[in-house]
Amino acid sequence: MSEQNTGAEIPGAGGSGTNPDPRNAGGRDAGASASPLDTVAADSARPSESTVRIGLVLPDVMGTYGDDGNSLVLRQRLRWRGYDAEIVRITLEDEVPDSCDLYTVGGGEDAAQKLASRHLTASPGLQRAVERGAPVLAICAGMQVFGEWFVVSDGSRAPGLGLLDVTTTPQASRSIGELVVAPQVAGLTQPLTGFENHMGATVLGPDAAPLGRVTSGVGNGVPAGQQVPAGGLVEGVVQGSIIATYMHGPALARNPELADLLLCRALGVDSLPPVEVPAVAQLRRERIAAARR
Ligand code: GLN
């Protein structure tokens, strides 16, 4: 696979017009597929054993920062490799299915993430999926919600899902800007790039490992009143099958290596055929350079 792939289906441009899938012709799926992401509903059946299902978790409340794009990137990178793949849209109105092959959760505002935490606690399909090792990508508020608890800007504290050994409290000021991270996870060799926009500082407990070391930006940050640790700032969390990060962008559009790591884990393969997308390479160069300014 190589550069001719850039002429393939443009992520997000599909809609029902370019996907004449009869499963999307009526009922709730029709509503779901009306989204620019061309999704299927949470209660739809897997169309075939071989279709890879990407669970898009609560885009109705955790879609503020464009992180829904992560699911699009995963689906497109699967399709480029010849896999059938679909995005399962899981909203506040749905029971959370535990049967997806991998999941993505985006960022959101303080109030939205409290709603998300309540719903994911009440309908614990994601927790069951994590228990069997399904890969999950959680962004920003998603990472905070996956922790033990989080304190938001108004000082109120809310329980998280307890999937990550982390807690979140406010920083002295909001972090907004380019983020560059040196990954510390096997399989990731390239710098990670993203855009951060958060008040929370996330502190890791002994069961959680950082995704990487911050080379530009703030990453997990430092709780108000505390100093940057001697070892420097760290970014993100890796624990079991969950990878969590403060990187928006969307993170997987900027970091194809991270996307393919999640896909390899979901598919149970060691590697996937390379996909070169010149526009992505260009975007990475530009954003990493912008972070240095
Ligand atoms: N509300 C959270 C914070 O400010 C998360 C923001 C986000 O998801 N970008 O820390």
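Model, not experiment: these values are computed from the prediction. (Residues numbered from 1 in each chain as written. Predicted model: local features only at pLDDT ≥ 70, side-chain atom pairs only at ≥ 80, totals over all residues.)

The subject of this paragraph is the UniProt feature "active site" (unreviewed entry) in the protein. Under the present numbering, the feature "active site" (unreviewed entry) in UniProt falls on C140 and H248. Across 109 residues in sequence, these annotated residues keep their C-alpha atoms within 7.8 Å of one another, forming a single compact spot. Inspection of the secondary structure assignment puts C140 in the loop between strand 5 (136–139) and helix 5 (141–146). Looking at C140, the number of C-beta atoms within 10 Å reads 28, which means it is buried. Residues contacting C140, with those up to four places away along its chain left out, are Y65, G107, H198, Y246 and H248. Looking at where H248 falls in the secondary structure, it is placed in the loop between strand 13 (242–245) and helix 6 (251–254). H248 has contacts with Y65, G66, D67, G107, I139, C140, G194, F195, E196 and N197, leaving out every residue within four places of it along the chain. (UniProt positions renumbered as here; feature names shortened; annotations may be inferred. Helix = DSSP H or I, 4+ residues; strand = E, 2+ residues; numbered from the N terminus. Buried ≥ 20, exposed ≤ 12 C-beta atoms within 10 Å, placed from the backbone. Contact = placed C-beta atoms within 7 Å.)

Here we take up the site of the ligand. Around the ligand, the neighbouring residues are Y65, G107, G108, E109, D110, Q113, C140, A141, N197, H198, M199 and G200. Those elements giving two or more residues to the shell around the ligand turn out to be helix 3 (110–122) and strand 9 (192–204). Counting residues per element, the shell around the ligand draws most heavily on strand 9, which supplies four residues. Classifying every residue of the shell around the ligand gives four nonpolar, six polar and two charged. (Near = placed C-beta within 6 Å. Nonpolar A, V, L, I, M, F, W, Y, C, P; charged D, E, K, R; others polar.)

Helix length check: helix 8 (residues 278–292), at 15 residues, gives a terminal C-alpha distance of 22 Å against a target of 21 Å (1.5 Å per residue), a fit within 8%. Of all the 15 residues making up helix 8, zero are buried; the element is thus mostly uncovered. (Expected span 1.5 Å × (residues − 1).)

This part is about unusual backbone geometry. Each neighbour pair has its own omega, and for G249 with P250 the value is -5°, a cis peptide bond. Residue position: P250 is located in the loop between strand 13 and helix 6. Backbone geometry at L58 places phi at a positive 55°, although glycine is not the residue there. Looking at the element boundaries, L58 is found in the loop between strand 2 (52–57) and helix 2 (69–80). Its identity is not glycine, yet C140 carries a phi of approximately 50°, on the positive side.

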